[in-house]
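Close look at the chain arrangement
One letter stands for each residue in the lines below.
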Amino acid sequence: MALIDVSDVTFTYRVQPDEETALDGVSLEVTEGSFVGVTGPSDAGKSTLGRLLASYVPNYFEGALEGSVTVGDHDVTETSIAEMSDTVGLLFENPFDQLTGASSTVFEEVAFGLENKGVGREELIETTAEKLRLTGIEHLYDRNPQQLSGGQSQRVALASMLAMEPEVLVFDEPTSQLDPHGTEEVMRVVASLADEGYTVVVVSHDLDRLGHHLDRLVVMNEGSIVADGRPQELFRDADGDDPYELPDAATVGKRLRALGKVPGDEPLPLTLEDVVGEVAPHVADAGDESPGASIESDGGLQAAGDDAAVQFDETHFRYEEDVHALRGLTLDLASGCVCVIGQNGAGKSTFMKHLNGLLTPSDGDVAINGKDTDVHRIAELAGEAALSFQNPNNQLFHSTIEAEVRYGPTNLGYSEERVDELTEAAIDRMNLEEIREKNPYDVGLARRKHVAVASVLAMDTPVVALDEPTGSQDAVGIRVLGDVVERLVEEGKLVVVITHDVAFARDHADRVVALRQGELLLDGPPREVFGRRDALAETDVDPPFVTRLAARLGLPGTVLTVDELFEHVS
Amino acid sequence: MDALLNAPAGRGGLFDYQPGESFLHHMNPVSKLALTGSFVTVALLSPSYRVPSVLFALVIASCLLAGILGRVARLLGGLALPIAASLLFFHGLFNPRNETRLFVVDGLPVVGRIVVWEEGIRFALTILTPLLVLMVAILATVMTTHPKKLAVAMVEKGLSPRLAYVFMAALQFIPEMRDQAEAILDAQQARGLDVRANIRRRFRAFVDLLTPLLIGMLITTETRSLALESRGFTRRNPRTFLFEVPDRPVDRALRWFAGLFVVAAVAWRVVAWL
């Protein structure tokens with residue numbers, strides 16, 4: 001018998017004002033020990049499905065539920081969240097909000113659930129230690145949970161959930177708010193738990209990392225399940241019109257099959273290793289791996305000169321005394337899209353906060369359109385450079401999306417007509433027309449991030465800076481952002497994008513700046529920067545998948561796209 | 001395991017718990033609170049500086065034995081020294097009831113000489129010493145008590161686990177709020193909010209900052225209550241604790257002593273008043 005049995009479920013949240021159904025006739029059976037992925041666009045009902053399994057729906061998130069849901073022996077409508085926690089554990093995206101906020105050490109945090117269960121002290125200590133080991137964080141046992149990185153924090157939340165000894169683990173976008181390093185840490189643990197015999201359900205957009213671990217992939221769209229099967233089969237049948245992004249490895253594999261290089265009935269490759277094996281025999285000039293073999297020297301991009309929009313001159317910045325976040329950064333940015341990459345702690349956010357004087361250099365100078373940030377107030381600099389931060393909840397507070405978008409231009413003292421005009425343009429560009437009268441908090445996180453970006457676009461500044469705009473976005477959301485960036489560049493603006501998303505940088509950047517520990521590591525066009533694989537490794541950045549694939553195949557130069565890769569396939 | 005259970009807590013600030021093995025560290029937290037309360041009450045009830053001075057000497061000696069005197073002294077230097085200096089200076093020199101010369105300082109530039117009077121100094125000490133007892137006793141309690149052990153001890157004495165949670169969460173709440181307030185301030189300023197303009201605009205700025213802070217708190221509260229629920233927080237079965245907080249006979253005796261000490265002080269004051 002299936003461990004999870006969802007039968008013809010339709011659900012509408014009570015708070016959803018316009019009666020949109022979150023789930024519409026969903027049926028799903030999951031057998032014990034399987035590893036199931038759930039994917040699909042934002043607001044497709046994926047999170048609702050996860051909440052349903054853990055009985056958060058309908059116990060906490062109330063609404064009209066039809067159909068039946070059982071997990072093990074429990075009917076979710078008759079089981080409280082606390083009782084359900086013995087059977088199902090749910091981990092959601094924000095790593096910090098899932099902690100109790102009442103523990104001074106990681107060990108206490110993980111032990112909390114066991115204390116509530118009333119487990120004897122010996123067993124309590126033993127179980128806690130075991131879960132710390134299982135999630136690879138035993139070395140953090142005496143650290144303050146509030147002071148961990150995102151990836152560490154997420155694993156503490158996971159260990160705490162495992163301590164309740166559930167059979168089913170549900171992950172809702174567990175890595176969408178993490179950097180690549182944290183994502184890797186968490187994904188590795190998630191995959192290992194499936195091997196430990198847990199039944200695992202993961203909601204995620206990241207099929208590149210997840211795809212090859214899965215027994216089964218469920219695709220949702222508009223509240224319904226639209227596809228369900230083995231990942232390789234679903235990817236084989238994908239026609240390019242699917243509500244999810246195909247993993248890069250599968251894209252390359254499909255193209256090889258379409259060209260007849262590989263028999264059509266061979267299972268699609270899902271990992272770099274597999275795809276290397278498939279492409280290698282068909283590449284003419286495959287030779288020894290030679291990363292960055294033919295790289296031209298630094299391009300002419302640095303020579304922006306005195307009229308550059310952003311000038312950093314020997315800029316140092318220290319937080320208090322001991323954290324040296326920028327170390328003598330010298331950089332001119334004129335126009336185009338500049339993507340800033342680098343590991344956490346490389347100084348990316350510190351760099352961004354220098355663009356409008358939120359931070360001013362401890363030593364050296366920063367000028368924005370010729371205005372020294374030491375001299376001009378933030379309120380003045382806001383008219384030169386507009387910044388949108390990662391967490392939209394830190395800025396949105398109006399009762400409608402339209403009012404939110406008007407806020408920035410109004411602050412800058414533009415005339416009423418100009419504010420109207422800019423607001424309309426920003427709403428239009430970010431595709432917010434349909435929801436402009438809604439409260440920003442009544443739309444999902446992905447759309448809310450778009451609202452935050454729109455509210456910055458409407459300020460019509462010569463410099464626009466976006467911090468991790470593609471986090472939590474689905475393929476469509478990323479495309480919207482990409483289009484916006486391109487448009488701004490066409491208008492002659494300087495767009496600075498802080499990002500971990502190397503594919504976005506490859507597709508849209510005119511110039512990529514890699515930082516490492518507050519210093520400039522690499523600076524040049526994407527092709528040049530992504531060709532320097534060894535240097536990038538110093539700041540924990542991997543080049544895009546196809547670039548890595550081409551390097552493994554020993555192709556000359558730096559390959560950035562699948563089309564370029566196939567130029568080498570004979 | 002011992003290292004774990006004695007691990008430092010908190011954010012590494014000056015007020016945080018300092019692990020150690022002294023009698024103060026091992027004292028039951030509830031007894032420690034009771035003693036602190038009784039010392040402070042008795043010091044405040046005292047009509048002169050004598051009893052508070054003895055109590056002050058006692059708590060300072062305890063700090064020395066607990067190995068936290070350095071930190072306590074540093075904090076007192078910042079908090080109490082300015083108060084002490086100004087009290088002693090003004091009352092020692094200018095208290096209207098000054099009659100008896102204590103000592104004279106000669107040969108000073110400008111003023112020539114100053115006279116320090118006994119009545120003023122006594123008055124200053126009567127105000128100052130209970131304050132010092134209060135500060136040092138509370139600091140000693142905070143620095144030698146693991147917050148979680150305090151919570152456990154309170155629950156074992158009948159406090160509801162929910163209240164204990166609120167107490168623990170409150171400790172972490174301030175730094176969390178501060179971090180979030182900073183992020184909001186940055187985000188709003190980046191959208192042109194002027195926090196240095198005239199009063200009217202500043203007031204509006206305050207609203208613009210407060211609203212996202214409140215919304216953020218609501219969101220955090222919502223997800224956190226789910227996290228607590230899913231960790232079995234609302235279960236009604238008896239709980240166990242990671243930390244063992246022994247309640248030895250000596251701890252019970254100390255609580256009795258604390259109660260009797262206050263009763264005795266009150267009785268003494270009442271008798272003196274009659």
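Note that this is a predicted model, so its numbers are computed, not measured. (Residues numbered from 1 in each chain as written. Chains lettered and ligands numbered in written order. Predicted model: local features only at pLDDT ≥ 70, side-chain atom pairs only at ≥ 80, totals over all residues. Heavy atoms only, no water.)

1. Here we look at the overall build of chain B
Counting its regular elements, chain B contains 10 helices and 2 strands. For chain B, the sequential pattern of α-helices and β-strands runs α-α-α-α-α-β-β-α-α-α-α-α. Here the C-alpha radius of gyration of chain B, 25 Å, is well above what a compact globule of 274 residues would show, namely 19 Å. Residues classed as buried in chain B amount to 42% of the 274 residues present. If you take every contact in chain B between residues at least 6 apart in sequence, the share linking residues at least 24 apart comes to 69%. Accessible surface computed for chain B: about 14,700 Å², of which carbon and sulfur atoms make up 70%. Treating the 29 positive side-chain charges of chain B as one cloud and the 19 negative ones as another, the clouds have centres 3 Å apart. (Helix = DSSP H or I, 4+ residues; strand = E, 2+ residues; numbered from the N terminus. Rg over C-alpha atoms; globule rule 2.2 N^0.38 Å. Buried < 20%, exposed > 50% of the residue type's maximum accessible area, 1.4 Å probe, protein only. Contact = heavy atoms within 4.5 Å. Areas by Shrake-Rupley, 256 points an atom, 1.4 Å probe, with all protein chains shown as cover. Lys, Arg positive; Asp, Glu negative; His and termini not counted. Charge placed at Lys NZ, Arg CZ, Asp CG, Glu CD.)

2. What about helix α7 (residues 180-195) of chain A?
Three- or four-residue spacings in an α-helix give side chains the same orientation, since the helix completes a turn every 3.6 residues. Residues and elements named next belong to chain A. Compared with an ideal rise of 1.5 Å per residue, which puts 16 residues at 22 Å, α7 spans 23 Å between its outermost C-alpha atoms and is within 8% of the ideal. On its buried face, α7 sits against β3 (35-39), α5 (121-134), α6 (150-162), β7 (168-172), β8 (199-203) and α8 (207-210). Phi for Gly197, located one or two positions after α7, is positive at around 100°. (Expected span 1.5 Å × (residues − 1).)

3. Focus: the packing of helix α11 (residues 272-279) of chain A against helix α21 (residues 545-553) of chain A
Residue and element names in this part refer to chain A. One way to put it is that α11 packs onto α21 with a least axis distance of 10 Å and a crossing angle of 55°. Here α11 lies oblique to α21, going by the angle between them. Handedness of the crossing formed by α11 with α21: right-handed. Contact with α11, carried on its side by Leu272, Glu273, Val275, Val276 and Val279, involves Phe545, Arg548, Leu549, Arg552 and Leu553 of α21 and no other residues of that element. Residues belonging to the contact of α11 with α21 are distributed by class as follows: 7 nonpolar, no polar and 3 charged. (Axes fitted to C-alpha atoms, helices over the stretch in contact; angles between N-to-C directions. Parallel < 35°, antiparallel > 145°, perpendicular 65-115°, else oblique. Left-handed = near helix turned anticlockwise from the far one by under 90°. Nonpolar A, V, L, I, M, F, W, Y, C, P; charged D, E, K, R; others polar.)

4. Here's the deal with the interface of chain B and chain A
Listed per partner, the contact involves 60 residues of chain B and 66 residues of chain A. Between chain B and chain A lies a buried interface of about 5,500 Å² when both sides are counted; carbon and sulfur atoms form 53% of it. The three residues of chain B that bury the most area against chain A are Arg191, Arg231 and Leu242 of chain B, which together make up 18% of that side's buried surface. Linking chain B with chain A are 7 salt bridges. Here Asp194 of chain B ties to Arg377 of chain A by a salt bridge, and the two come within 2.5 Å at their closest N and O atoms. Applying the counting criterion to the chain B and chain A interface returns 28 residue pairs in polar contact (both at pLDDT 80 or more). (Buried area = accessible area lost by both parts, 1.4 Å probe. Salt bridge = Lys/Arg side-chain N within 4 Å of Asp/Glu carboxyl O. Polar contact = N/O pair within 3.5 Å; in protein donor to acceptor, adjacent residues only side chain to side chain.)

5. Brief notes about helix α14 (residues 401-411) of chain A
Most of α14 of chain A is tucked away, with 8 of its 11 residues classed as buried. Along α14 of chain A, the positions that sit buried rather than exposed are Ile401, Glu402, Glu404, Val405, Tyr407, Gly408, Pro409 and Asn411 of chain A. Against α15 (416-429) and α16 (445-457) of chain A together with α8 (161-190) and α9 (199-230) of chain B lie the buried residues of α14 of chain A. Following α14 of chain A by one or two positions, Gly413 of chain A has its phi on the positive side, about 80°.

6. Brief notes about the sheet that holds strand β4 (residues 63-71) of chain A
Residues and elements named next belong to chain A. Taken in spatial order, the 4 strands make up an open sheet running β2-β1-β4-β5, and their pairing is antiparallel. Each edge of the sheet is formed by a strand with only one pairing partner; in this case those strands are β2 (23-30) and β5 (74-75). For strand β1 (residues 4-13) and β2, the ladder comprises 5 bridges, and the chain directions are antiparallel. Pairing of Val9 across the sheet is with Val26, part of β2. (Pairing = 2+ DSSP bridges.)

7. Notes on unusual backbone geometry
Residues and elements named next belong to chain A. Of note, the amide linkage connecting Val57 to Pro58 takes the cis form, showing an omega dihedral of 5°. Relative to the helices and strands, Pro58 is located in helix α2 (residues 56-59). Residues other than glycine seldom take positive phi values, yet Ser55 does so here, at roughly 65°. Positionally, Ser55 belongs in the loop between α1 (46-53) and α2.

8. Things to note about the pattern of salt bridges
For the structure shown, the criterion picks out 42 salt bridges over all chains. We note a salt bridge from Arg255 of chain A to Asp563 of chain A, for which the minimum N-O separation is 2.7 Å. Residue Arg255 of chain A is located in helix α10 (residues 248-258), and its partner Asp563 of chain A is located in helix α22 (residues 562-567); the two are separated by 308 residues in the primary sequence. The closest approach of N and O atoms between Arg204 of chain B and Asp208 of chain B, which form a salt bridge, is 3.7 Å. Placement of both Arg204 of chain B and Asp208 of chain B in helix α9 is noted, with a separation of 4 residues, approximately one turn of the helix. Three or more residues joined by partner-sharing salt bridges are found here, namely Glu402, Glu424, Glu433 and Arg436 of chain A.

9. What about the confidence of the model for chain B?
When pLDDT is averaged along chain B, the result is 87; 95% of the residues meet or exceed 70. Overall fold confidence for the complex sits at a pTM of 0.84, while the interface term, ipTM, reaches 0.84. (pLDDT = per-residue confidence, 0-100.)

10. Focus on empty space enclosed by the protein
Counted by the stated rule, this structure contains 6 cavities of 30 Å³ or more. Its volume calculated, the largest cavity comes out at about 180 Å³. If you list the elements that add at least two residues to the lining of the largest cavity, you get α4 (106-117) of chain A together with α7 (147-156) and α8 of chain B. Of the residues belonging to the lining of the largest cavity, the class tally is 11 nonpolar, 2 polar and 3 charged. For the second largest cavity, the calculated volume is near 130 Å³. In terms of lining residues, the second largest cavity is bounded by 14 residues, among which Leu90, Ala157 and Met161 of chain A together with Ser230 and Arg231 of chain B are the most central. Of all elements in the fold, only β6 (88-91) and α6 of chain A together with α9 of chain B reach the threshold of two or more residues within the lining of the second largest cavity. Of all the elements, β6 of chain A adds the most residues to the lining of the second largest cavity, at 4 residues. Split into classes, the residues belonging to the lining of the second largest cavity amount to 8 nonpolar, 5 polar and 1 charged. (1 Å grid on protein atoms, 1.4 Å probe; cavity = no way out; pocket = protein on both sides within 12 Å on 5 of 7 lines; lining within 4 Å. Points joined across faces, edges and corners; volume = space filled by probe spheres on them.)

11. Some remarks on the confidence of the model for chain A
This prediction gives chain A a mean pLDDT of 91; 95% of its residues lie at or above 70. In this model residues 288-303 of chain A is a low-confidence stretch, pLDDT under 50, and it forms 27 contacts with partners more than four residues away in sequence or in other chains.

12. Topic: the packing of helix α3 (residues 29-45) of chain B against helix α4 (residues 50-66) of chain B
Residue and element names in this part refer to chain B. Two elements in contact, α3 and α4, have axes separated by 8 Å at closest approach and are oriented at 155°. In this view, α3 runs roughly antiparallel relative to α4, as classed from their interaxial angle. Both α3 and α4 take part in a crossing whose hand is left-handed. Of the residues in α4, those in contact with Phe39, Val42 and Ala43 of α3 are Val51, Pro52, Leu55, Leu58 and Val59. Taken together, the residues of the contact of α3 with α4 break down into 8 nonpolar, no polar and no charged.

13. Digging into the side chain of Ser153 of chain A
Positionally, Ser153 of chain A belongs in helix α6. Ignoring anything within four residues of it in the chain, the contact list for Ser153 of chain A reads Pro95, Phe96, Leu99, Pro145 and Leu148 of chain A.

14. Details of the sheet that holds strand β11 (residues 310-319) of chain A
All names here are of chain A. The strand order β12-β11-β14-β15 describes an open sheet built from 4 strands, whose pairing is antiparallel. The open sheet has two free edges, formed respectively by β12 (323-333) and β15 (371-372), since each of these has just one partner strand. As defined by bridge partners, β11 adjoins strand β14 (residues 363-368) across 5 bridges and the pair is classed as antiparallel. The partner of His316 across the bridge, within β14, is Asp363.

15. A closer look at the side chain of Asn356 of chain A
Checked against the element boundaries, Asn356 of chain A lands in the loop between α12 (348-353) and β14. Take Asn356 of chain A: its relative accessible area is 0%, and that puts it in the buried class. Reaching out from Asn356 of chain A, the side chain makes a polar contact with the backbone nitrogen of Leu358 of chain A at a distance of 3.3 Å. Contacts of Asn356 of chain A, omitting those with residues within four sequence positions, involve Ile378, Leu381, Ala385 and Leu387 of chain A together with Ala190 of chain B.

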